[in-house]
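# Geometric and topological summary
Chain residues, written in single-letter form:
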Amino acid sequence: MTTHAPHVLVTGSTRGIGAAIVQALHARGARIVGHGRADGPGGVGADLSVPGEADALWVRALERLDGRIDVLVNNAGVFEAVAVDAPDEAWRDGWDRTMQINLQAAADLSRRAVLHWRGRGAPGRLVNVASRAAYRGDSPAHWHYAASKAGMVGMTKSIARGYAAEQILAFAICPGFVMTGMAEDYLASRGGERLLADIPLGRVAEPAEVAAAAAFLALDAPASMTGAVLDINGASYVR
Ligand code: NAD
């Protein structure tokens, strides 16, 4: 890690887990560019459902950070349902959109980051926010979500193995339910009590807990941890 304040790009930082990650990294003195769907006080706008936007985001973030990014946090993601008996077009559209935002955009940004770090001969760290669903699977309406997050874990491990010798480190985080807007909707739609009964800790995680793990991986984790996937799920899925 650099001796200067680390330069960090955090995607999906307008709310929820991403906003908590920005807060945690800010407290550690990082210089951060945030991101949301549109330009705003929180950072650079880029609609990651549009192919190519992730690359444009990287270029703009790099400009804002004076040509150096040390850490990329791929946090932006959607959790959208598509029923198994949906019309064919809606089914494919749902898959395309989720895979584009959750996996392809993260892959495009990771690629830019790896090329940037290799080009500079500099170390770099990648933190991917995946999900418990990568290992446990998800509801019948969320095959695509689980598949996108499992893909993210596989991608993270490939990057870790491929570039460790160049001090390019890659980590993933797999939260279970986290009390953000998205989780609240989910809990309400599924009957909160039943879901909570499945979590030995007795509650869903707080965004700050995920952010603490992200900040650790982004700034502190020993290099030998590269390729690690951290679970944050109150022991609701122990592997
Ligand atoms: P959230 O819905 O509160 O925030 C998602 C962020 O992603 C927002 O900043 C939003 O602007 C951004 N985003 C979504 N679609 C986008 C698009 N098309 N273009 C650009 N940006 C877009 O979600 P959250 O709960 O904070 O989740 C953050 C990450 O954590 C996601 O990857 C999610 O899959 C993962 N996760 C969340 C939970 C949970 O229970 N909340 C559990 C496991 C994993």
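Above this note sits the structure.
Residues numbered from 1 in each chain as written. Predicted model: local features only at pLDDT ≥ 70, side-chain atom pairs only at ≥ 80, totals over all residues. Heavy atoms only, no water.

The element strand β7 (residues 168-175) is extensively covered by neighbouring structure, given that 8 of its 8 residues are classed as buried. Side-chain alternation along β7 places I168, A170, A172 and C174 on one buried face and L169, F171, I173 and P175 on a second face that is also buried. One ladder, built from 4 bridges, connects β7 with strand β8 (residues 229-232); its direction is parallel. Residue C174 lies in a different strand from β8, and its bridge partner there is D231. (Buried < 20%, exposed > 50% of the residue type's maximum accessible area, 1.4 Å probe, protein only. Helix = DSSP H or I, 4+ residues; strand = E, 2+ residues; numbered from the N terminus. Pairing = 2+ DSSP bridges.)

On to the packing of helix α2 (residues 53-64) against helix α3 (residues 88-120), then. Packing of α2 against α3 brings their axes to within 8 Å, and their N-to-C directions diverge by 40 degrees. By the angle between their axes, α2 is oblique relative to α3. The handedness of the crossing between α2 and α3 comes out as right-handed. The segment α2 lies against α3, with A54, D55, L57, W58 and L62 engaging A105, D108, L109, R112, A113 and H116. (Axes fitted to C-alpha atoms, helices over the stretch in contact; angles between N-to-C directions. Parallel < 35°, antiparallel > 145°, perpendicular 65-115°, else oblique. Left-handed = near helix turned anticlockwise from the far one by under 90°. Contact = heavy atoms within 4.5 Å.)

Moving on, we get to unusual backbone geometry. The backbone of Q167 sits at a positive phi, close to 65 degrees, despite the residue not being glycine. Here Q167 shows up in the loop between α5 (143-163) and β7. The class for Q167 is partly exposed, based on a relative accessible area of 42%. Unlike most non-glycine residues, A235 shows phi in positive territory, near 70 degrees. Relative to the helices and strands, A235 resides in the segment after β8.

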